[in-house]
Amino acid sequence: MKRIVLAAICMLPLALCAQVLNKPRVALRNWATGLSSPVSLANCGDSRLFVVEQDGRIRIISDSMTVVQRPFLDISDPVNSTGNEQGLLGLAFEPNYLDSGYFYVYYIRGAGPGYSRISRFHVSADPDSADVASEQVLYEWPQPNTNHNGGNILFGPDGYLYIGFGDGGSANDPPNNAQDFTDPLGDIIRIDVSEHNDTFLIPPTNPFTNNGDTLPEIWASGLRNPWRYSFDRLTGDLWIGDVGQNLWEEIDFWPAGDNSGPNFGWRCREGWIMNSNVSQTGCLGAAGYDQPRSAHSHAAPFDWCSITGGFVYRGPSYPHLFGHYIFTDYCAADIMTYSPTNIYDVDTLLLTTTGGYAAFGEDQNGEMYVANQQNGQIKKLYDPCPMDDPAITSDGFILTATEGTSYQWLLDGVAIPTATGQTYVPEVGGNYQVRVNFGTPCNLISDTLLFIATDINEAKGNGVTIFPQPAKDRVIIERAASGEAGDLRIVDALGRTVYAGTWAKGQGRMEVDVASFPVGTYVLSISGPGTSRPSNAPLVIAR
């Protein structure tokens, strides 16, 4: 009976199969309760999670379901939180905060619409308490209305401070602030605060540093209300959740290191389309603006109302979430993601009817949390299937799957009847996968492996088999014991003989050490008195 020896070769286009079929998912577990209107989350580089409460307090979550009783910072007296979108809105710790002790806040101060204020504070001798008297005011700008205040404040991977401003409120940006480069409204500004005094510097790579008609701190424009944005901690790319008007909520994207001054189009455009509610005089065509990565409809059945930008998951715990940008909407509440292999492919991670999610945050390790402004709860995101995708190993004959609860082997995408054990001995070549159940709901599929049979058929019909393939440090050649004597050679891709040996008459097996051979493709050849012509077969060496 002919023996078929199979070699595992990962086919790159098919290797994405597990990523595509094993859809990521998210669940939420309680992390803190009893907070008052939480609108932002931040970490300072240690195990603590800091929560910004809209009325002017910053609280510390020291561990799961443990909130430090005394606020880290209480500036509720000067903070104007009268309007729905006013208050203490943002918090950013210096990248070296544990050494410097400096952090920054964004809040609304003053009666009525008030004005946006960016201030620096310093921690006190108690690491869980800030020094309220240490405030240094760095930046202020008057607000014409009580809504669209933005409020996000973050240090970028370049060490500069990024501050997001809404367009100044009302509807459809009547003064066209987002396209007015003489004010920061509707923009993200970028400043250098490294001097640690009550002034700031303009980064030399800001896009408008040499334009006298433009505020030099402006870094990006054309935004309606960039409520929450974040930098990918691995790549440095920027993801912006820009709250829409009546039709669309949008996610904007900008690649790391590009300081060319993106303009995302508001008020001329909303989402992907022209804003028909305003005059297009002075507006550019679609090609004149940087288009959103995605836009999400207010219309039923979607019912989006106010996008909440999130983060790209880079934590160590959940491999299926790694590289996914995760975000939600204040009304629709479903937690969504982009696929890392197709950044235009939006998928739902969690269906929920609990509205009010106002902000995401990361801890020091990149694990993610979400704050619910309405019920005062902080939830931690987790994947109920935290294991890696199952894998297949092979010794050249037997396929073995990652250990799980139950198994189903597939050939070319079709289940093989009765092939339900952890191991499987294939009888034919083809594309093999295995679906492994690790327990509900974790029924995951492996990448696809192509298995091929490698044979030498000699002139007299004496079968010769080579295995394993690809070979790593040794290769075994088997031949019918009745075979005649002959010469064995292994030749590289340049035609050079890298191995020469003799096959004795009646010898059934030979083992060749190939550990010193470079990775590549070779030809194994048997010739001699026992063969009418040489018999050749490919040999693949991979490590």
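Residue indices begin from 1 for each chain and proceed along its sequence in written order. Thresholds applied to this predicted model are a pLDDT of at least 70 for local features of residues and 80 or more for the giving and counting of side-chain atom pairs; totals over whole chains, interfaces and linings are not thresholded and use all residues. Working from all heavy atoms in the structure, the side-chain values ignore hydrogens and water.

Q: What should I look at first to understand the side chain of Ser221 in this one?
A: A run of H or I in DSSP becomes a helix once it reaches four residues, and a run of E becomes a strand once it reaches two; helices and strands are each numbered from the N terminus. If you trace the backbone, Ser221 turns up in the loop between β15 (218-220) and β16 (228-231). Judged by its relative accessible area of 2%, Ser221 is buried. The contact rule is simple, with two residues in contact once any of their heavy atoms fall within 4.5 Å. With sequence-adjacent residues up to four places away left out, Ser221 is seen in contact with Ala178, Phe181, Gly186, Asp187, Pro262, Asn263 and Phe264. When a residue's accessible area, from a 1.4 Å probe over protein chains only, is under 20% of the maximum for its type it is buried; when over 50% it is exposed; and in between it is partly exposed.

Q: Mind showing me how you'd approach the pattern of salt bridges here?
A: Oppositely charged side chains are able to pair whenever their charged atoms sit close together. Between Lys or Arg on one side and Asp or Glu on the other, a salt bridge is scored when a side-chain nitrogen of the former is within 4 Å of a carboxyl oxygen of the latter. Here the structure, examined in full by the defined rule, presents 14 salt bridges. Between Arg57 and Asp55 there is a salt bridge, with its nearest N and O atoms 2.7 Å apart. We note a salt bridge from Asp158 to Arg190, for which the minimum N-O separation is 2.7 Å. Taken together, the residues span a long stretch of sequence, with Asp158 in the loop between β12 (153-155) and β13 (161-164) and Arg190 in strand β14 (residues 188-191) at a distance of 32 residues.

Q: Which parts of the structure should I look at to understand the packing of aromatic side chains?
A: What describes a pair of aromatic rings is the distance from one ring centre to the other and the angle between the planes of the rings. In summary, the pairing rule links any two rings of Phe, Tyr or Trp, Trp by its six-membered ring, whose centres are within 6.5 Å, and it sorts them by plane angle into stacked for under 30 degrees, edge-to-face for over 60 and tilted for everything else. Taken as a whole, this structure holds 27 aromatic pairs when the rule is applied. Ring centres of Trp239 and Tyr338 lie 5.5 Å apart, and the angle between their planes is 35°; this geometry places the pair in the tilted category. Remark: Tyr338 occurs in strand β24 (residues 335-339) and Trp239 occurs in strand β17 (residues 238-242); sequence separation between them is 99 residues. The residues Trp239 and Tyr338 share a single accessibility class, namely buried. Clustering of aromatic rings is evident, with ring pairs tying together Phe50, Phe72, Phe93, Tyr97, Phe103 and Phe121. In this scheme, Lys NZ or Arg CZ marks a charge over a ring once it lies within 6 Å of the ring centre and within 35 degrees of the ring normal. It is Arg293 that lies over the ring of Phe253; its NZ or CZ is 4.3 Å from the centre.

Q: Looking at this structure, how should I read unusual backbone geometry?
A: Among all residues except glycine, the phi angle is most often negative; among peptide bonds, the trans geometry is most common. That bond from Trp266 to Arg267 is cis: its omega, 15°, falls within 30 degrees of zero. Topologically, Arg267 is positioned in the loop between β18 (248-254) and β19 (269-270). Each neighbour pair has its own omega, and for Ala300 with Pro301 the value is 5°, a cis peptide bond. Structurally, Pro301 can be placed in the loop between β21 (294-297) and β22 (307-312). For Ser37, which is not glycine, the phi torsion reads 45° and is therefore positive. Phi at Asn172 takes a positive value of approximately 60°, unusual for a residue other than glycine. Relative to the assigned elements, Asn172 resides in the loop between β13 and β14. Judged by relative accessible area, which is 13%, Asn172 ranks as buried.

Q: Teacher, can you tell me more about the sheet that holds strand β8 (residues 88-93) here?
A: Strand pairs in the sheet, formed through backbone hydrogen bonds, run parallel or antiparallel to each other. Only when DSSP finds a minimum of two bridges between them are two strands counted as paired. Strand order in the open sheet formed by four strands is β8-β9-β10-β11, and the pairing between neighbours is antiparallel. The open sheet has two edge strands with one neighbour each: β8 and β11 (130-142). Taking each pair of neighbouring strands and ignoring which way they run, the sheet shows an average axis angle of 20°. Here eight bridges tie strand β10 (residues 115-123) to β11, and the two strands are oriented antiparallel to one another. By the bridge assignment, Ser119 is partnered in β11 with Val137. Axis definition: a line fit to C-alpha positions, over the contact stretch in the case of helices; interaxial angles, taken between N-to-C directions, run 0 to 180 degrees.

Q: In this structure, what is going on with the confidence of the model for the protein chain? I would like to understand it.
A: Caution applies to low-pLDDT parts of the model: their predicted coordinates are not meant to be read in detail. Per-residue confidence from the predictor is reported as pLDDT, which spans 0 to 100. Of all residues in the protein chain, 91% attain a pLDDT of 70 or more, and the chain-wide mean is 90. Contacts from residues 1-16, a stretch scored under 50 in pLDDT, to residues over four places away or in other chains number 48 contacts. Segment residues 455-462 is flagged for pLDDT under 50; beyond a separation of four residues in sequence, or across chains, it makes 25 contacts in the model.

Q: Can you walk me through the state of the cysteines in this structure?
A: Formally, a disulfide is one covalent bond, and it connects the sulfur atom of one cysteine to the sulfur atom of another. Our working definition of a disulfide is a cysteine sulfur pair at a distance within 2.5 Å. By the definition in use, this model includes three disulfides. One disulfide in the model links Cys268 with Cys283; its S-S distance is 2.0 Å. On the S-S bond that ties Cys268 to Cys283, the torsion sits near -80°, and the link is left-handed. Linking Cys268 in the loop between β18 and β19 with Cys283 in the loop between β20 (273-274) and β21, this pair joins segments that are 15 residues apart in sequence. By relative accessible area, which is 2% here, Cys268 ends up buried. Between the sulfur atoms of Cys305 and its disulfide partner Cys331 the distance amounts to 1.9 Å. In this structure the cystine formed by Cys305 and Cys331 twists about its S-S bond by roughly 85°; its chirality is therefore right-handed. In this pair, Cys305 is assigned in the loop between β21 and β22 and Cys331 in the loop between β23 (325-329) and β24, connecting sequence segments 26 residues apart. Disulfide connectivity for the protein chain, with bonded cysteines indexed by sequence position, reads 1-2, 3-4, 5-6.

Q: Even after reading the chapter, I still don't get the sheet that holds strand β29 (residues 392-394), so can you show me in this structure?
A: With respect to topology, three strands assemble into an open sheet ordered β29-β30-β33, the strand pairing being antiparallel. Only two strands of the sheet have a single partner each, and these edge strands are β29 and β33 (423-424). For strand β30 (residues 399-401) and β33, the ladder comprises two bridges, and the chain directions are antiparallel. When the sheet's bridge partners are listed, Leu399 is paired in β33 with Tyr424.

Q: What's the story with the pairing of β17 in this structure? I'm lost.
A: When a strand is regular, its side chains alternate between the sheet's two faces. Summarising burial for β17: five of the five residues are buried, a large majority. Side chains Leu238, Ile240 and Asp242 of β17 all project onto a buried face; the interleaved residues Trp239 and Gly241 project onto the opposite face, where all are buried too. Examined bridge by bridge, β16 and β17 share four bridges and lie antiparallel to one another. Along β17, the bridge assignment pairs Arg228 with Gly241.

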